[in-house]
Amino acid sequence: MPGTELFGAEERKEVNDVMESGCLFRFNHEHIRNNHWKALEFEAEVKKITGARYAHAVSSGSTAIATALAAAGIGAGDEVIVPPFTYIASVEAVLWVGALPVFAEIDETLCLSAEGILNALTPKTKAICLVHMCGGMANMDAIMKVVNEHNLILVEDAGQAFGSSYKGTAVGLFGKTGSYSFDFFKIATAGEGGVLVTNDEEVYHLADSYSDHGHDHIGNNRGMENHPIVGFNYRISELHAAIGVAQTRRVPGIIEKNRTNKSILVSELSKVPGIQFAHIADPKGDSATFLNLLLPDTEAAKRTVVELNKAGVGGFNYWHTNMYHFINQWEHLKNLNSASKLPIHLVGAPQDYNHLQLPISQQVIGRLISFGIRCTWTIEEVTGLASKISESVTKALATEKG
Ligand SMILES: *Cc1c(COP(=O)(O)O)cnc(C)c1O
């Protein structure tokens, strides 16, 4: 959780600006806000890092991806290709806008592959919700080829890839629109928050209105604003945005430290027989929030997890059995259990979610163990971790032979 590792005076200063004026609302109220516009500043910081023409901050990464889908024109009955490995919010967002998730295969980038997308296409496919996982990025050249050849709408959930780029372009900016999360676990946090980015002016205005009851935000009398569309309240508060401002400013420094720490781990662990790494489509664009190990097979990975636990190594995820990130544990989703009826209940699911065949994704996630990189690690902590991982893997692989 690199962002929260560095929580301090800068965050307090930004929050105090808001506390002193008492203006907790992001729009209007010029007479009381003492010229503090934290949501606007947060958006400006995100634009600075991503190079996006437009950024719009909302209440969470989940509401950001839902807003992104809606603003890209994806709604009731539309088929949207999604990955089986993601934080479940991406799939929920597709359902929330009334659309229908179609699961496709990922590859060793840990993201949807171009081939997986091609195999999942149907005449009804409207869009792809591409998720950039574990600080890395999808293979964008191959994916953009499919997007363009098949005239699909691309929306990117870069919830955990803020600060990552592919060949010089920030992830989140390849499609019509994209989103980042600033929850408590991400490279920068707002406490709770999310930011949508786009280079498309019309999409930006739709997102801006959609996330605030359709307000057009023209003029300085909120009560008299027009409402070109109906929307909902996904607004971020000034308090959260203030924390987001301070945290986002830290991101370039965090990435630099993450990369140094990750490169030490990679160079040590490259010497260990049996360890491979997830494929990074553009190593220069890696935000290095995770070190992603691929063991020879699922059984070897499971034995490695046992050895890591025995050695007291924390800070890793074995997503294959994790409740939130991999489809195997999503019983509620497979059975479409919800509090009330969703459009998918009326239209019908486009796939039999209980009998999906995703052998490549099963194999990749079965082999995957991810370590969260901390930017505050000392060199001793990094080399100590490398040797513990190395010993655990070596023991786990020896068990196989013996
Ligand atoms: C964290 C995350 C989200 C959800 O963000 P919240 O801010 O927690 O709502 C969505 N997608 C991905 C890929 C994430 O990692």
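In this text, all values refer to a predicted model and were calculated from it rather than measured experimentally. Throughout, residues of each chain are indexed from 1 in the direction in which the sequence is written. Local features are withheld for residues below a pLDDT of 70 in this predicted model, meaning they are given only at 70 or higher, and side-chain atom pairs are given and counted only at 80 or more; totals for whole chains, interfaces and linings count all residues. With hydrogens and water excluded, all non-hydrogen atoms of the structure serve as input to the side-chain values.

(A) Main features of a nonpolar patch on the surface. Residues enter patches when their relative accessible area tops 30% and they take part in no salt bridge; the joining distance is 9 Å for like charges and 5 Å for the nonpolar side chains Val, Leu, Ile, Met, Phe, Trp and Tyr. Using a 1.4 Å probe, accessible areas were evaluated by the Shrake-Rupley method; residue-level cover was limited to the displayed protein chains. Each salt bridge in this description consists of a side-chain nitrogen of Lys or Arg and a carboxyl oxygen of Asp or Glu lying within 4 Å of one another. On the surface, Tyr87, Met323 and Tyr324 cluster together to form a nonpolar patch covering roughly 340 Å² of accessible area. The helix and strand labels rest on DSSP assignments: H or I over at least four residues marks a helix, E over at least two residues marks a strand, and numbering proceeds from the N terminus. Inspection of the secondary structure puts Met323 in the loop between β12 (316-317) and α11 (331-334). Each residue's exposure class comes from its accessible area (1.4 Å probe, protein chains only) as a fraction of the maximum for that residue type: buried when under 20%, exposed when over 50%, partly exposed otherwise. Residue classification places Met323 among the exposed positions, given a relative accessible area of 54%.

(B) Inspection of helix α10 (residues 298-310) at higher detail. Over its 13 residues, α10 extends 19 Å from the first C-alpha to the last, a length consistent with the 18 Å expected when each residue adds 1.5 Å. Among the residues of α10, Ala300, Ala301, Thr304, Val305, Glu307 and Leu308 are the ones counted as buried. Axial view of α10: buried residues confined to an arc of 165 degrees, hence all on one face. Those residues of α10 that are exposed and aimed more than 90 degrees away from the buried face are Asn309 and Lys310. What a helix is expected to span follows from its residue count: subtract one and scale by 1.5 Å. In this description, the arc belongs to the directions extending from the helix axis to the C-beta atoms.

(C) Inspection of the state of the cysteines at higher detail. Throughout, disulfides are identified as pairs of cysteine sulfur atoms within 2.5 Å of each other. If you walk through the whole model with that rule in mind, you get 0 disulfides. Cys111 supplies the cysteine sulfur nearest to Cys129, a cysteine that is in no disulfide, at a spacing of 12 Å.

(D) Structural context of the nonpolar core. Here the nonpolar core consists of buried residues drawn from Ala, Val, Leu, Ile, Met, Phe, Trp, Tyr and Cys, with membership extended through side-chain atoms lying within 4.5 Å. One finds Ile74, Phe85 and Phe103 to be the most contacted residues of the largest nonpolar core, which totals 50 residues. By convention here, the domain bounds are inherited from an automatic or database domain assignment. Formed jointly, this core draws a minimum of three residues from each of two domains, domain 1 (3-250) and domain 2 (251-322 + 361-401). Counting 47 residues, the second-largest nonpolar core is a separate cluster that includes Ile143, Val146, Leu152 and Ala158.

(E) Structural view of the domain arrangement of the chain. The assigned domain composition of the chain is domain 1 (3-250) and domain 2 (251-322 + 361-401). Its C-alpha centre places domain 1 at a distance of 28 Å from the equivalent point of domain 2. Every residue pair with non-hydrogen atoms within 4.5 Å of one another is taken to be in contact. Listed as interface residues are 33 residues of domain 1 and, on the opposing side, 29 residues of domain 2. Two parts placed together each lose some accessible area under a 1.4 Å probe, and the buried area is that loss summed for both. When the two sides are added together, the surface that domain 1 and domain 2 hide from each other amounts to roughly 2300 Å², 64% of it contributed by carbon and sulfur. A per-residue breakdown of the area domain 1 buries against domain 2 is headed by Glu5, Glu108 and Ile187, which together make up 29% of the total. Where domain 1 meets domain 2, there are 2 salt bridges. Linking Arg367 and Glu108 is a salt bridge whose minimum nitrogen-to-oxygen distance equals 3.1 Å. We call two N or O atoms a polar contact when they sit within 3.5 Å, provided that within protein one can donate a hydrogen and the other can accept it, with sequence-adjacent residues counted only if both atoms are side-chain atoms. Taken together, the links from domain 1 to domain 2 amount to 13 residue pairs in polar contact (both at pLDDT 80 or more). Only α1 (2-5), β6 (165-166) and α9 (238-269) provide two or more residues apiece to the side of domain 1 that touches domain 2. No other element matches α9, which puts 4 residues into the side of domain 1 that touches domain 2. Residue classes follow a fixed rule: Ala, Val, Leu, Ile, Met, Phe, Trp, Tyr, Cys and Pro count as nonpolar, while Asp, Glu, Lys and Arg count as charged, and any other residue, Gly among them, counts as polar. Here the residues of the side of domain 1 that touches domain 2 sort into 14 nonpolar, 12 polar and 7 charged.

(F) Examining the site of the ligand more closely. Proximity is defined per residue: any heavy atom of the residue falling within 4 Å of a molecule or strand makes that residue near it. Contacts to the ligand come from 13 residues, most closely from Gly61, Ser62, Asp157, Asp183 and Lys186. Side-chain polar atom of Ser62 to an oxygen atom of the ligand: 2.5 Å apart, as the coordinates give it. Gln160 has a polar side-chain atom sitting 2.8 Å from an oxygen atom of the ligand. Considered on its own, the ligand offers 380 Å² of accessible surface; in the complex 94% of this is hidden by protein.

(G) Spotlight on unusual backbone geometry. With a phi close to 75 degrees, Leu110 is a non-glycine residue in the positive phi region. Among the structural elements, Leu110 can be located in the loop between β3 (100-103) and α6 (114-120).

(H) View of the sheet that holds strand β8 (residues 177-181). Think of it this way: DSSP has to see at least two bridges between two strands before they count as a pair. Strand order in the open sheet formed by 7 strands is β1-β9-β8-β5-β4-β2-β3, and the pairing between neighbours is mixed. In this open sheet, the two edge strands, each paired with only one partner strand, are β1 (54-58) and β3. Averaged over all pairs of adjacent strands, the angle between their axes in this sheet comes to 25 degrees, without regard to strand direction. Across 5 bridges, β1 lies against strand β9 (residues 194-198) in antiparallel orientation. Bridge assignment links Ala57 to a residue of β9, and that residue is Val195. For helices, the axis comes from a line fit to the C-alpha atoms of the stretch in contact; other axes are also lines fit to C-alpha atoms, and the angle between any two N-to-C directions lies between 0 and 180 degrees.

(I) A look at the packing of helix α2 (residues 9-21) against α9. Where α2 meets α9, the axes come as close as 8 Å, and the angle between the chain directions of the two elements is 150 degrees. Relative to α9, the element α2 is oriented roughly antiparallel. At the point where α2 passes α9, the crossing takes the right-handed sense. For the pair α2 and α9, contact is made by Glu10, Glu11, Glu14, Val15, Val18 and Met19 and by Glu238, Leu239, Ala242, Ile243, Val245, Ala246, Gln247, Arg249 and Arg250, respectively. A breakdown of the residues in the contact of α2 with α9 according to their chemical character gives 8 nonpolar, 1 polar and 6 charged. Each angle receives one of four descriptions, namely roughly parallel if under 35 degrees, roughly antiparallel if over 145, roughly perpendicular if within 65 to 115, and oblique otherwise. Whether a crossing is left-handed or right-handed is set by the direction in which the near helix is turned from the far one by less than a right angle, anticlockwise for left-handed and clockwise for right-handed.

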